[in-house]
Amino acid sequence: QYLRRRFKNQTLEVLDEGARGGGLAKELQEKANKEFGPNAARVIAADIRNFTASGVQNVAAEELVKRFGKDRFHLIISTHGGGSYTQFEKIKVLSNIVAALKPGGMATIAMRLQIAERPVLEKLQKLWPNISIKYKGYENDRVLLKIQKN
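Engineer: Requested: an account of the packing of aromatic side chains, with residues and values cited.
Structural biologist: What the rule picks out here adds up to one aromatic pair. Over the ring of F36 we find R4, and its NZ or CZ is 5.8 Å from the ring centre.

Structure follows, in structure tokens:
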């Protein structure tokens, strides 16, 4: 609802990063179509693992900007993505997510707790002073990061 109001008359670009087989992306697309109409949102599913048979694009989290461009997405959701499951430097993954967000866009990222330590978040904030970061713990060793790009 917030993004619909903020970006009136725009097709919302949504990325499900770490989409696995694309189930969440399909569900989000169906919900957007039902609630707001068929052109209200376009949901893209991406995962580093090769799920292309199910329509999921094969792309690593640290290459989002390279594949999709800067300032592309209104919303990025990462529940099983590069922030938790890859060997890449986590600040690079998070910076790529932020860079791929449009100004005013939001990201919700589930990560392992040790990855979202204060120094990583502080470094991200220094690299991107125009973002706000909130996080809270859930499910044992994981946190939920909410990033808004101003």
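Engineer: Can you explain the environment of S78? Please cite residues and give values.
Structural biologist: Position of S78 relative to the elements: it lies in strand 4 (residues 73-78). Looking at S78, the relative accessible area reads 1%, which means it is buried. Residues S78 and A46, 32 residues apart in the sequence, show an inter-C-alpha distance of 9.7 Å. Dropping the residues within four chain positions of it, S78 is found in contact with E17, T108, I109 and A110.

Engineer: Mind laying out the nonpolar core, listing which residues take part and the relevant values?
Structural biologist: Membership of the largest hydrophobic core comes to 27 residues, with the highest contact counts inside it found for L15, F68, I76, I109 and L124. Broken down by element, this core gets its largest block of residues, seven residues, from helix 5 (residues 90-100). Apart from residues lying up to four places away in sequence, I76 is in contact with L15, E17, I97, A100, L101, M106, A107 and T108. Of all hydrophobic cores here, the second largest spans 13 residues; its members include L12, V14, A45 and I77.

Engineer: How would you summarise the environment of R4 if you had to cite specific residues and measurements?
Structural biologist: For R4, the location among the structural elements is in helix 1 (residues 2-6). What makes R4 buried here is its relative accessible area of 16%. Between the C-alpha atom of R4 and that of F36, which follows or precedes it by 32 residues, the distance is 8.8 Å. Beyond its immediate chain neighbours, meaning those up to four positions away, R4 contacts N9, Q10, L12, F36 and A40. Here Q10 takes part through its backbone oxygen, which lies 2.9 Å from a polar atom of the side chain of R4. For R4, the side chain forms a polar contact with the main-chain oxygen of A40, separated by 3.0 Å.

Engineer: Can you break down the pairing of strand 2 (residues 41-47) residue by residue, with the values?
Structural biologist: The side chains of a regular strand alternate, first on one face of the sheet and then on the other. Within strand 2, six of the seven residues are buried, which leaves the element mostly enclosed by the surrounding structure. In this fold, the crossover linking strand 1 (residues 12-17) to strand 2 by way of helix 2 (residues 23-36) has right-handed handedness. Both strand 2 and strand 3 (residues 57-58) contribute to a ladder of two bridges, which runs parallel. Looking across to strand 3, one finds that A46 is bridged to Q57.

Thresholds applied
Residues numbered from 1 in each chain as written. Predicted model: local features only at pLDDT ≥ 70, side-chain atom pairs only at ≥ 80, totals over all residues. Heavy atoms only, no water. Phe/Tyr/Trp six-rings, centres within 6.5 Å; stacked < 30°, edge-to-face > 60°. Lys NZ or Arg CZ within 6 Å of the ring centre and 35° of its normal. Helix = DSSP H or I, 4+ residues; strand = E, 2+ residues; numbered from the N terminus. Buried < 20%, exposed > 50% of the residue type's maximum accessible area, 1.4 Å probe, protein only. Contact = heavy atoms within 4.5 Å. Core = buried A, V, L, I, M, F, W, Y, C linked by side-chain atoms within 4.5 Å. Polar contact = N/O pair within 3.5 Å; in protein donor to acceptor, adjacent residues only side chain to side chain. Right-handed = clockwise from strand over helix to strand, strands pointing away. Pairing = 2+ DSSP bridges.

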